[in-house]
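# Inside the fold
So you can see what is in the structure, the chains are spelled out below.
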Amino acid sequence: MLVKGRKVAGRGEAVAAHYAFGPLEDDIIIKHRLLTRTTTTRGEPPLKKLQKKFTSFALEIEKDVDNYNDCERLAKAFIQELKTFELPLLKSKAVIDANLREKENFNELNDEINRQIIQAQADIEDLKKQLEESKIERQHKEECEAIRRLIGMQPPRSETQKIITDLEKEIAMLEAENTAGSRTLELRKKQFALLLHVVDELQNTIEEEQKSFIEEMRIALDDQKNGEEDATGGSEAMAVD
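Residues numbered from 1 in each chain as written. Predicted model: local features only at pLDDT ≥ 70, side-chain atom pairs only at ≥ 80, totals over all residues. Heavy atoms only, no water.

### Considerations on the confidence of the model for the chain
- In this model, the chain carries a mean pLDDT of 79, and residues with pLDDT of at least 70 account for 78%.
- The least confident element of the chain is strand S1 (residues 3–6), whose mean pLDDT is 42; the most confident is helix H3 (residues 68–153), at 89.
- Note on residues 1–16: pLDDT under 50 across the span, and 16 contacts to partners over four residues away in sequence or across chains. (pLDDT = per-residue confidence, 0-100. Helix = DSSP H or I, 4+ residues; strand = E, 2+ residues; numbered from the N terminus. Contact = heavy atoms within 4.5 Å.)

### Description of H3
- With 86 residues, H3 ought to run about 128 Å at 1.5 Å a step, and its terminal C-alpha atoms sit 123 Å apart, in line with that.
- Taken together, the buried positions of H3 are Cys71, Leu74, Ala75, Phe78, Glu81 and Phe85. (Expected span 1.5 Å × (residues − 1). Buried < 20%, exposed > 50% of the residue type's maximum accessible area, 1.4 Å probe, protein only.)

### Some remarks on helix H2 (residues 46–61)
- With 16 residues, H2 extends 23 Å between its outermost C-alpha atoms, agreeing within 8% with the 22 Å of an ideal straight helix rising 1.5 Å per residue.
- Among all positions in H2, only Pro46, Leu50, Phe57 and Glu60 are buried. One face of H2 carries all of its buried residues, which in axial projection span an arc of 100 degrees. Within H2, the exposed residues directed more than 90 degrees away from the buried face are Gln51 and Leu59.
- Along its buried surface, H2 packs onto H3. (Arc of directions from axis to C-beta.)

### Remarks on the pattern of salt bridges
- Enumeration according to the criterion identifies 10 salt bridges in this entry.
- The salt bridge partner of Glu145 is Arg148, with a shortest N-O separation of 2.4 Å. Here Glu145 and its partner Arg148 are both found in helix H3, three residues apart, which amounts to about one turn of the helix.
- Take Glu145: its relative accessible area is 30%, and that puts it in the partly exposed class.
- Sharing partners across several salt bridges, the network here consists of Glu145, Arg148 and Arg149. (Salt bridge = Lys/Arg side-chain N within 4 Å of Asp/Glu carboxyl O.)

### Some words on the packing of H2 against H3
- With their axes 9 Å apart at the nearest point, H2 and H3 run at an angle of 160 degrees to one another. On the basis of the axis angle, H2 is roughly antiparallel to H3. Seen from above, H2 lies across H3 with left-handed handedness. In contact with Pro46, Leu47, Lys49, Leu50, Lys53, Phe54, Ser56, Phe57, Glu60 and Ile61 of H2, H3 contributes Asp70, Cys71, Leu74, Ala75, Ala77, Phe78, Glu81, Leu82 and Phe85.
- Taken together, the residues that form the contact of H2 with H3 break down as 13 nonpolar, one polar and five charged. (Axes fitted to C-alpha atoms, helices over the stretch in contact; angles between N-to-C directions. Parallel < 35°, antiparallel > 145°, perpendicular 65-115°, else oblique. Left-handed = near helix turned anticlockwise from the far one by under 90°. Nonpolar A, V, L, I, M, F, W, Y, C, P; charged D, E, K, R; others polar.)

Written as structure tokens, this is what we have:
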């Protein structure tokens, strides 16, 4: 009995059947039965019938009695049964050969499909690269168009050249003024340095004159003081006399 158990599902649930053998074991059993032809949908299995015919023929041969006709009859029956048994085998062999050819065709078709898949993948990669290159090229074109628009917004070359010439002249004038200013500044620096030197010399001369004047005054004061002291000493001497 193949069915081991059964689960009654509720409404909306699938019925799950449990079998005594797994799918692989079922395939092995079915293959064995087909090869040995021990099962049939009606009547006795062909292999058992062939075994019985052969057994009857072998037992009849082993008898010592004069049974040539029976042996011949059983031999013909065995050969007929053997041909009957062989015919499904030949059909099965033809089916197997056809299946093998179909399998080979399927393998070839599968290889061709795999090759086409690989080629399609390679084509997809190439198309991706082309798409990326197209995007980059389009971006470059857009950038060039933006630059062209900016260039178009700029004034003409002649006007720009005139502005550049005017600016160059203005720069030259400013450079000349800067040079003249630098020279004037340098001259003023030299004049100021000379003035500072003269002031310094003048200050030194004034200081020296002041020192000489003070020294002369001190000497004059000392001489006057000495003269007064001499005059006072003479008067005192005359009084003593």
